[in-house]
Amino acid sequence: LTHLANRRYFMERLQQGVVQAQSRRHALSILMMDLDHFKQINDSFGHAAGDTALTAFAELLRALVRMSDLPGRLGGEEFGLYMFDTHRHVAAAVAERIRASTWELRPNGLDHRLSVSIGIAVLEPEEDAEALIRRADAALYQAKNQGRNRVVIAGPESEHATGREENAPRKD
């Protein structure tokens with residue numbers, strides 16, 4: 001449907017990238033992303049509209065990332081982005097660009113603003129892929145709990161990077 005990497009391929013490439021980044025002491029960042037209130041799209045507009053929203057978001061990801069980055073659909077409305085040689089500040093800028101651009105999407109004229117919550121994790125020394133994903137997931141859930149449509153960077157205390165929920169009318 002989205003023509004992005006599936007979970008299995010994404011995880012295989014991420015594990016390889018982590019080994020490579022650790023051995024060469026390169027930066028590696030991942031973004032875990034979840035389309036906010038996606039069930040409402042399916043319930044209000046039908047599954048075809050939901051599929052269109054997923055496809056539009058996938059196209060947006062491909063347009064906003066480098067050829068060397070790997071975007072993937074990890075399940076349902078959850079997506080990941082693996083970025084080799086990417087430090088924290090660059091990952092945060094990419095995440096904010098994705099978040100802001102998602103807000104502007106109107107797939108097939110859908111009368112509903114899409115928003116995305118994003119968790120970022122930057123590879124730590126001696127960290128494996130599973131731990132990296134766990135930290136990015138924790139940051140994603142923190143973004144959701146802080147009101148959605150925002151970016152949170154995992155760290156010692158999961159710092160808040162950006163959020164624009166105040167500009168977004170809530171549709172709970």
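Scroll up a little and you will see the structure.
Rules of the game
Residues numbered from 1 in each chain as written. Predicted model: local features only at pLDDT ≥ 70, side-chain atom pairs only at ≥ 80, totals over all residues. Heavy atoms only, no water. Axes fitted to C-alpha atoms, helices over the stretch in contact; angles between N-to-C directions. Helix = DSSP H or I, 4+ residues; strand = E, 2+ residues; numbered from the N terminus. Parallel < 35°, antiparallel > 145°, perpendicular 65-115°, else oblique. Left-handed = near helix turned anticlockwise from the far one by under 90°. Contact = heavy atoms within 4.5 Å. Nonpolar A, V, L, I, M, F, W, Y, C, P; charged D, E, K, R; others polar. Buried < 20%, exposed > 50% of the residue type's maximum accessible area, 1.4 Å probe, protein only. Salt bridge = Lys/Arg side-chain N within 4 Å of Asp/Glu carboxyl O. Pairing = 2+ DSSP bridges. Right-handed = clockwise from strand over helix to strand, strands pointing away.

Participant: Mind showing me how you'd approach the packing of helix 3 (residues 47-64) against helix 4 (residues 88-104) here?
Facilitator: A pair of packed helices is characterised by two quantities: the angle between their axes and the separation of those axes. Following both chains from N to C, one finds helix 3 and helix 4 inclined at 140°, their axes separated by 10 Å at the closest point. If you check the angle between helix 3 and helix 4, you find them oblique. The two elements helix 3 and helix 4 cross, and the hand of that crossing is right-handed. In contact with Phe-57, Leu-60, Leu-61 and Leu-64 of helix 3, helix 4 contributes Arg-97, Ile-98, Ser-101 and Thr-102. Classifying every residue of the contact of helix 3 with helix 4 by side-chain character gives five nonpolar, two polar and one charged.

Participant: Hey, could you run me through the environment of Pro-125 in this one?
Facilitator: Here Pro-125 shows up in the loop between strand 4 (116-122) and helix 5 (129-145). Assessed through its relative accessible area of 64%, Pro-125 is described here as exposed. As for Pro-125 and Ser-23, which are separated by 102 residues in sequence, their C-alpha atoms are 9.9 Å apart.

Participant: Sorry, what's going on with the pattern of salt bridges here?
Facilitator: Pairs can form between side chains of opposite charge whenever their charged atoms are close. Under the counting rule described, the total for this entry stands at eight salt bridges. Lys-144 is the partner of Asp-34 in a salt bridge, and the nearest nitrogen-oxygen pair spans 2.7 Å. Residue Asp-34 is located in strand 1 (residues 28-35), and its partner Lys-144 is located in helix 5; the two are separated by 110 residues in the primary sequence. You'll find Asp-34 and Lys-144 in the same group, each marked buried. Note that Arg-135 and Glu-127 form a salt bridge whose closest N and O atoms lie 2.6 Å from each other. According to the relative accessible area criterion, Glu-127 is buried, its value standing at 11%.

Participant: Can you help me understand the packing of helix 2 (residues 38-45) against helix 3 in this one?
Facilitator: Running from amino to carboxyl end, helix 2 crosses helix 3 at an angle of 140°, the nearest separation of the two axes being 6 Å. Relative to helix 3, the element helix 2 is oriented oblique. Residues Phe-38, Ile-41, Asn-42 and Phe-45 of helix 2 touch helix 3, and the partners they reach there are His-47, Ala-49, Gly-50, Ala-53 and Leu-54. Classifying every residue of the contact of helix 2 with helix 3 by side-chain character gives six nonpolar, three polar and no charged.

Participant: Would you take a moment to explain the pairing of strand 5 (residues 150-153) for this structure?
Facilitator: Walk down a regular strand and you will see the side chains alternate between the two sheet faces. Residues Arg-150 and Val-152 point to one face of strand 5 and Val-151 and Ile-153 to the other, with burial holding for every one of them. Sheet analysis places strand 4 next to strand 5, joined by three bridges and oriented parallel. When the sheet's bridge partners are listed, Ile-120 is paired in strand 5 with Ile-153. Following the chain from strand 4 across helix 5 to the adjacent parallel strand 5, one finds a crossover that is left-handed.

Participant: Any chance you could explain the pairing of strand 2 (residues 70-75) here in plain terms?
Facilitator: Bridge analysis of strand 2 against strand 3 (residues 78-84) gives five bridges, and the strand direction is antiparallel. Within the sheet, the bridge partner assigned to Gly-75 lies in strand 3 and is Glu-78. A loop of two residues connects strand 2 with strand 3, the two strands running antiparallel in sequence, and Gly-76 in this loop sits at a positive phi of about 50°.

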